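Understanding the architecture of this molecule
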Amino acid sequence: MYYKFSGFTQKLTGSASTTAYSPQGLRPGVPAEPPTMIFASPTKVVSEAGTTAEYMGTNRVPDLQRLFQTADGVPIHLKRGVPDKLLYRTTMALTIGGALYCLVALYIAAQPRNK
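These numbers come from a predicted model, not from an experiment.

1. Comments concerning the overall build of the protein chain
The helix and strand inventory of the protein chain stands at three helices and two strands. Element order for the protein chain, N to C, with α for helix and β for strand: β-β-α-α-α. By residue count, 5% of the 115 residues in the protein chain fall in the buried class. For the protein chain, the share of sequence-separated contacts (at least 6 apart) that also reach a separation of at least 24 residues comes to 0%.

Printed below as a string of structure tokens:
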């Protein structure tokens, strides 16, 4: 048995298979004309050299994989040296500073007002 949602009773009701597969009275159909393609024209002119792709730079993935996969005991988030250490220490300082600021704000908010 097939079921469909009845808009009148707001419940599931029994129905025929064609009604159940076409919800809310929609009928499957073929559009009169196919939609126009948005990206039908090429965005880049193909050169005479063939199907080679031109990139902005060299592929650095193998070098980065070699760097990150070395077993030197350094955590992964500090493997790239000084910039990573600077970002890590700045993040930790801001986190600890924010936590201290929250504790000070809570302490001040807990004090009774003097009138």
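2. Re a nonpolar patch on the surface
Residues Y88, M92, I96, L100, L103 and L106 make up a contiguous nonpolar surface patch of about 610 Å² in total accessible area. Checked against the element boundaries, L106 lands in helix α3 (residues 82-110). Looking at L106, the relative accessible area reads 59%, which means it is exposed.

3. Side note on the pairing of strand β1 (residues 2-5)
On any regular strand, side chains alternate: one points to one face of the sheet, the next to the other face. As paired elements, β1 and strand β2 (residues 12-15) share four bridges and run antiparallel to each other. Within β2, the position partnered with Y3 by the bridge is G14. Hairpin remark: β1 followed by β2, antiparallel, with six residues in the connecting loop; positive phi at Q10, about 60 degrees.

4. Some points on the pattern of salt bridges
Any two side chains of opposite charge can pair, so long as their charged atoms come close to each other. Applying the stated criterion to the full structure yields two salt bridges. Among the ionic pairs, R66 bridges to D63, the shortest N-O distance being 3.1 Å. Placement of the pair is R66 and D63 together in helix α2 (residues 61-68), with a separation of three residues, close to one helical turn. For R66, a relative accessible area of 54% gives the class exposed. Its salt-bridge partner being D72, residue K79 comes within 2.8 Å of it at the nearest N-O pair. The class of K79 is buried, set by a relative accessible area of 11%.

5. So, the environment of L67
Relative to the elements of secondary structure, L67 occurs in helix α2. For L67, a relative accessible area of 32% translates into the label partly exposed. Here the alpha-carbon distance between L67 and R80, two residues 13 residues apart in the chain, equals 8.0 Å. Discounting residues that sit within four places of it in the chain, L67 has contacts with K79 and R80.

What counts, and at which threshold
- Residues numbered from 1 in each chain as written.
- Predicted model: local features only at pLDDT ≥ 70, side-chain atom pairs only at ≥ 80, totals over all residues.
- Heavy atoms only, no water.
- Helix = DSSP H or I, 4+ residues; strand = E, 2+ residues; numbered from the N terminus.
- Buried < 20%, exposed > 50% of the residue type's maximum accessible area, 1.4 Å probe, protein only.
- Contact = heavy atoms within 4.5 Å.
- Patch = residues over 30% accessible without salt bridge, like charges linked within 9 Å, V, L, I, M, F, W, Y side chains within 5 Å.
- Areas by Shrake-Rupley, 256 points an atom, 1.4 Å probe, with all protein chains shown as cover.
- Salt bridge = Lys/Arg side-chain N within 4 Å of Asp/Glu carboxyl O.
- Pairing = 2+ DSSP bridges.

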